[in-house]
Each structure stands twice: as C-alpha cells, then as structure tokens.
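The chain contents come next:
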Amino acid sequence: MMLAFGGASIDGSAYRDVVDLAGRSPGWLDTTIKVWSTYGLAAFALLAVLAWWRARRRGAGPALTALAVPVVVVLAYGVNDVLKLLVREDRPCRDLPARTLEACPAHGDWSFPSNHAAIATAAAVALLLVSRRLGAIACAAAVAMAASRVWIGVHYPHDVATGMVVGACVALVTMAAVRGRSEVLARRLAAAAPLRVLLSAS
C-alpha cells in the first residue's frame, strides 16, 4: 500500500469553506466552473497559437520565443509531476468528508502540486513575455483555472498555489534562456526549410 501525505492540516478548513460554498451556489455557476476546469487548458493552447501567429510579423527571433511556449508547458508539467511523486499528498476529497462537484480521483493520483495550475501558469507567464496583452488574458485565465480546481473539490488551496509557483518559475527560467539566444537559434533553425515556415510571416 502506498503511504500518502495528508495536507488537511495546512489549509483543510479553507478547502471545506470553498467546497461548502460550491455546494450552495447556483447550478449554472457550478456547471460553468466544472467545464472550465475540465476543458479550459485548451484556451491556453489557442492563445499560444495566436501569440506565435502575431510574433511572426516581428521577425524570426520573436517567432522562436513564441514557439517556446509549448516547450515551457511540457517542462512545467514534468517538474510538477516529479514533485507529485516525491511528496505523494492524497487528494483532499479522500482525507476530508465533503460533497464535491467532481468525482474524487483514485488513490495514487496525487494532489500536490496541481498540474492544471502549473500548466496554466507556465503558459500564462511565457505568453506574458511574448505579448503583454495576450499574457494578461492568460494570467487571469490561469488564476481562474487554479481557483476552479479547489472549487470542484480535487485540490487544496496550497496545491494550486504551489503549482502556480512551479509553473511561473519554470517559465521565467526557460523563457530567459530562450530570449537571450533567440536570434542566434532562429538563424540556425531557419536553415531548414520546414522550420523557416514557422519563423517567418512570408
């Protein structure tokens, strides 16, 4: 049997307050939040495509920086998943008696940190370094994604907060490395015809 860390002592009362509020909220609100929590990550993919499309007009360097956004997301997911395996915190809906909007994930599907929060924040911070306008939209969406994971009952507040920190840190480090060498890398990659299409608006 896998031993799991219980996070209820950290902010279990805050988790209960949010879940109780969700249980008393109008059905349309709960449904909207559930749909966003389940499918909202697709919005970040669309924003990333739009950011890349617009960056191509500014040159190969900005286009390459925009293409780094999905790489940042994959890296953030990987780092976050390693932390999950190291900490092995059970889901709050398993530790605390509460009626949740979402079915409780199985034991072994660890809670800390939140993958959704890490992915959304990594995408948002990376996008902010490509386009301030699109990045601001993504940042607001990332906060909504993190909050939704607590609202539907599958994460503690500290799970999503830490996931957001992980995502932001990975994005900042990776994007700094890419932006520092974007022009050099773009020139090298543009030598290959298939990649040249991705780096140029023409």
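The structure this text deals with has already been given above.
In this report, the structure presented in the accompanying data block is examined. (Residues numbered from 1 in each chain as written. Predicted model: local features only at pLDDT ≥ 70, side-chain atom pairs only at ≥ 80, totals over all residues. Heavy atoms only, no water.)

Below, the discussion takes up the packing of helix H2 (residues 27–39) against helix H7 (residues 132–151). Closest axis-to-axis distance for the H2/H7 pair is 9 Å, and the angle between their directions is 115 degrees. When the axis of H2 is compared with that of H7, the two are roughly perpendicular. Helix-helix and strand crossings are classified by hand; for H2 and H7 the assignment is left-handed. For the pair H2 and H7, the contacting residues are Leu29, Asp30, Ile33, Trp36 and Ser37 in the first and Ala141, Ala144, Met145, Ser148, Arg149 and Trp151 in the second. In the contact of H2 with H7, the residues fall into seven nonpolar, two polar and two charged. (Axes fitted to C-alpha atoms, helices over the stretch in contact; angles between N-to-C directions. Helix = DSSP H or I, 4+ residues; strand = E, 2+ residues; numbered from the N terminus. Parallel < 35°, antiparallel > 145°, perpendicular 65-115°, else oblique. Left-handed = near helix turned anticlockwise from the far one by under 90°. Contact = heavy atoms within 4.5 Å. Nonpolar A, V, L, I, M, F, W, Y, C, P; charged D, E, K, R; others polar.)

The next point concerns the nonpolar core. Phe44 and Leu127 are the most contacted members of the largest nonpolar core, which totals 32 residues. Elements that contribute at least two residues to this core include exactly helix H3 (41–55), helix H4 (60–87), helix H6 (115–128), H7 and helix H8 (157–180). Examining the composition of this core, we find that eight residues originate from one element, H6, more than from any other. In contact with Leu127, not counting residues within four places along its chain, are Phe44, Leu47, Ala48, Ala51, Val69, Gly135 and Ala138. Formed by nine residues, the second largest nonpolar core is a distinct cluster that contains Leu96, Ala146, Val150 and Val160. (Core = buried A, V, L, I, M, F, W, Y, C linked by side-chain atoms within 4.5 Å. Buried < 20%, exposed > 50% of the residue type's maximum accessible area, 1.4 Å probe, protein only.)

For the structure on display, the rule yields three aromatic pairs. With centroids separated by 6.4 Å and ring planes inclined at 45 degrees, the aromatic side chains of Trp36 and Phe44 adopt a geometry described as tilted. Under the relative-accessibility criterion, Trp36 is labelled partly exposed at 24%. Their ring planes at 70 degrees and their centres at 5.8 Å tell us that Trp52 and Trp53 sit as a pair that is edge-to-face. Taking relative accessible area as the criterion, Trp52 reaches 16% and is therefore assigned buried. In this structure Trp53 comes out as partly exposed when scored by relative accessible area, which is 44%. Against the face of Trp53 rests Arg56, its NZ or CZ located 4.4 Å from the ring centre. (Phe/Tyr/Trp six-rings, centres within 6.5 Å; stacked < 30°, edge-to-face > 60°. Lys NZ or Arg CZ within 6 Å of the ring centre and 35° of its normal.)

Residues Val82, Leu86 and Val87 make up a contiguous nonpolar surface patch of roughly 270 Å² in combined accessible area. Using a relative accessible area of 46% as the deciding quantity, one classes Val82 as partly exposed. (Patch = residues over 30% accessible without salt bridge, like charges linked within 9 Å, V, L, I, M, F, W, Y side chains within 5 Å. Areas by Shrake-Rupley, 256 points an atom, 1.4 Å probe, with all protein chains shown as cover. Salt bridge = Lys/Arg side-chain N within 4 Å of Asp/Glu carboxyl O.)

Moving on, we come to H7. Compared with an ideal rise of 1.5 Å per residue, which puts 20 residues at 28 Å, H7 spans 28 Å between its outermost C-alpha atoms and is within 8% of the ideal. Turning to H7, its buried residues are Leu134, Gly135, Ala138, Ala141, Ala142, Met145, Ala146, Ser148, Arg149, Val150 and Trp151. Where H7 terminates, the next one or two residues include Gly153, which has phi positive at roughly 95 degrees. (Expected span 1.5 Å × (residues − 1).)

Glancing now at the packing of H3 against H6. Close contact between H3 and H6 brings their axes to 10 Å; oriented N to C, the two are set at 20 degrees. Between H3 and H6, the angle is such that the two are roughly parallel. Both H3 and H6 take part in a crossing whose hand is left-handed. The residues of H6 that touch H3, namely those facing Leu41, Phe44, Leu47, Ala48 and Ala51, are His116, Ile119, Ala120, Ala123 and Leu127. Split by residue class, the contact of H3 with H6 holds nine nonpolar, one polar and no charged.

Looking now at unusual backbone geometry. Cis geometry marks the peptide bond from Phe112 to Pro113; its omega dihedral reads -10 degrees. Secondary-structure assignment places Pro113 in the loop between helix H5 (92–95) and H6. Unusually for a residue other than glycine, Arg88 sits at a positive phi of about 55 degrees.

A few words now on H3. With 15 residues, H3 extends 21 Å between its outermost C-alpha atoms, agreeing within 8% with the 21 Å of an ideal straight helix rising 1.5 Å per residue. Those residues of H3 not exposed but buried are Phe44, Leu47, Ala48, Ala51, Trp52 and Ala55. Here the buried residues of H3 occupy an arc of 135 degrees about the axis, which is enough to place them on one side. (Arc of directions from axis to C-beta.)

That's the geometry; what it means functionally is another story.
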